[in-house]
Amino acid sequence: MEYSVQLTFREQWRDERLQFDDMNGEMAYLTLTDPNKIWKPDLFFSNEKEGHFHDIIMPNVLLRIYPNGEVLYSIRISLVLSCPMDLKYYPLDKQTCSIIMASYGYTTDDLVFMWKVGDPVQITKNLHLPRFTLEKFNTEYCTSKTNTGEYSCIRVDLIFKREFSYYLIQIYIPCCMLVIVSWVSFWLDQNAIPARVSLGVTTLLTMATQTSGINASLPPVSYTKAIDVWTGVCLTFVFGALLEFALVNYASRSHMQKQVAKQQRKWDIEHSSLDNDHMEDGATTFAMVGDVKPLVHHRGDLHSDKVHQCEIHMQPPKSINPCKAWLNKFPSRSKRIDVMSRILFPLMFALFNLVYWITYLFRDEDM
């Protein structure tokens, strides 16, 4: 929440008490080596945290007095200024850092600061920032009122855009790779328990370490940042892959128990049928009691009996869901879970990427 700047500060004013004869144009201006000998505006930087002047080899100060009493004061200063940042869109954000200059003791009745007409701020051509790009700057007035009066204030707003390529290489691509590596467990055999557990736990711990390292370089804030959304969702996908294996393992054990129970029932039925065969020791005689009707009727008998007409209604074959038919090709429920995870996890992650980048890259900027 701070930035350092080195600047050459110039201010110009007119003091009629310093007028002198220019000797018919022979003397353009006077240069003073000790600027403390004359009156100067009591300007201060209101958002300054640290600052110092430059005295090597000589003090970097210039003070000129013109014949009409105008004074030009120039000094080289290094400052550390506070810059409250809104990190809601970090690292896809833009920040506005200001240099605020105001009068400390003179009210607007005595002293008013005004920007120079025409190009009041010059930026060095070889300006290079490692993680930011200076997009533009604006000059504003910020006159403030306090209990002691109204004080003149001017401000320059520097608008910085954060360079995204560094974060893309250091954060976003590694997180994507960790999420994809966690999906490898879906293609491993469900009985390879050590391999799948080791892969899930390793990717989860690596993702957690990556998240903590990102937050360690940022000030603690009470709102959610764009990078928090990314790392949180990636961590959720890695954790979900680990939970998926727990579900697969549970389904596999349930299937094995059902198979064992089925084999046990089959063995019991076969064993009981063999016991019944051994208990039969002779031929079985069947006796039929009552009237016996012939199974086959002659042509003449059809007229004597009542003829019953039957109607057979057949239901049309039900349409089979292709997805369900495809899943039925896999024998066990655990295998179906793995196959569905191979499809659902990448699709959900791709959908998240689509929503994430559209939300943060194409947002409306109130700059």
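If you're wondering where the values come from, they're calculated on a predicted model, not measured in any experiment. (Residues numbered from 1 in each chain as written. Predicted model: local features only at pLDDT ≥ 70, side-chain atom pairs only at ≥ 80, totals over all residues. Heavy atoms only, no water.)

Caption draft 1: Representation of the overall build of the protein chain in the model. Counting its regular elements, the protein chain contains 6 helices and 11 strands. The buried share of the protein chain, reckoned over its 367 residues, is 29%. Looking at the protein chain as shown, the accessible area adds up to about 26200 Å², and 59% of this sits on carbon and sulfur atoms. (Helix = DSSP H or I, 4+ residues; strand = E, 2+ residues; numbered from the N terminus. Buried < 20%, exposed > 50% of the residue type's maximum accessible area, 1.4 Å probe, protein only. Areas by Shrake-Rupley, 256 points an atom, 1.4 Å probe, with all protein chains shown as cover.)

Caption draft 2: Up close: the sheet that holds strand 11 (residues 153-162). Read from one edge to the other, the open sheet built from 4 strands follows the order 3-7-11-8, with strand pairing classed as antiparallel. In this open sheet, the two strands that pair with only one neighbour each are strand 3 (43-45) and strand 8 (132-141). Along the sheet, successive strands turn relative to each other by an average axial angle of 20 degrees, direction set aside. When strand 8 meets strand 11, the two strands line up antiparallel, connected through 9 bridges. When the sheet's bridge partners are listed, Glu-140 is paired in strand 11 with Arg-155. (Pairing = 2+ DSSP bridges. Axes fitted to C-alpha atoms, helices over the stretch in contact; angles between N-to-C directions.)

Caption draft 3: Spotlight on the side chain of Asp-338. As for its placement among the helices and strands, Asp-338 is situated in helix 6 (residues 333-361). Given a relative accessible area of 2%, Asp-338 falls into the buried group. Excluding residues that lie within four positions of it along the chain, Asp-338 makes contacts with Phe-186, Leu-188, Gln-190, Arg-196, Glu-244 and Val-248. (Contact = heavy atoms within 4.5 Å.)

Caption draft 4: Molecular detail of unusual backbone geometry. A cis amide bond links Ile-56 to the next residue, Ile-57, at an omega of -5 degrees. Structurally, the position occupied by Ile-57 is in the loop between strand 4 (48-53) and strand 5 (61-65). Here the residue pair Tyr-90 and Pro-91 is connected by a cis peptide bond, since its omega of 5 degrees sits within 30 degrees of zero. Despite not being glycine, Asn-24 shows a phi value in the positive range, around 60 degrees. Secondary-structure assignment places Asn-24 in the loop between strand 1 (2-14) and strand 2 (30-31). Overall, the relative accessible area of 78% leaves Asn-24 in the exposed class.

Caption draft 5: How the structure looks around the UniProt feature "transmembrane region" (unreviewed entry) in the protein chain. Mapped onto this numbering, the UniProt entry gives "transmembrane region" (unreviewed entry) at residues 164-188, 229-248 and 343-362. In residues 229-248, the share of helix is 100% and the share of strand is 0%. The end C-alpha atoms are 28 Å apart. Between the C-alpha atoms that bound residues 343-362 there is a distance of 28 Å. The span itself is 95% helix and 0% strand. (UniProt positions renumbered as here; feature names shortened; annotations may be inferred.)

Caption draft 6: Summary view of the pattern of salt bridges. Applying the stated criterion across every chain yields a total of 9 salt bridges. Ionic pairing is found between Asp-228 and Lys-225, a salt bridge with its closest N-O pair at 2.9 Å. Taking the relative accessible area as the measure of exposure, Lys-225 reaches 6% and is therefore buried. Several salt bridges converge on common partners, so that one network encompasses Arg-196, Glu-244 and Asp-338. (Salt bridge = Lys/Arg side-chain N within 4 Å of Asp/Glu carboxyl O.)

Caption draft 7: Structural context of helix 2 (residues 193-216). Counted at 1.5 Å a residue, the expected span for helix 2 with its 24 residues is 34 Å, and the 35 Å between its end C-alpha atoms agrees. Listed in full, the buried residues belonging to helix 2 are Arg-196, Gly-200, Thr-203, Met-207, Thr-211 and Ile-214. (Expected span 1.5 Å × (residues − 1).)

Caption draft 8: Representation of the pairing of strand 7 (residues 94-103) in the model. Counted residue by residue, strand 7 has 7 buried out of 10 residues, so it is predominantly covered. Across 3 bridges, strand 3 lies against strand 7 in antiparallel orientation. Its bridge partner lying in strand 7, Phe-45 is registered against Met-101. By the bridge criterion, 9 bridges tie strand 7 to strand 11 in an arrangement that is antiparallel. When the bridges of strand 11 are listed, Ala-102 appears paired with Cys-153.

Caption draft 9: A nonpolar patch on the surface, seen in detail. Together, Leu-351, Leu-354, Val-355, Ile-358, Leu-361 and Phe-362 give the surface a local cluster of nonpolar side chains, amounting to about 620 Å² of exposed area. For Ile-358, the position within the fold is in helix 6. Given the relative accessible area of 45%, Ile-358 is considered partly exposed. (Patch = residues over 30% accessible without salt bridge, like charges linked within 9 Å, V, L, I, M, F, W, Y side chains within 5 Å.)

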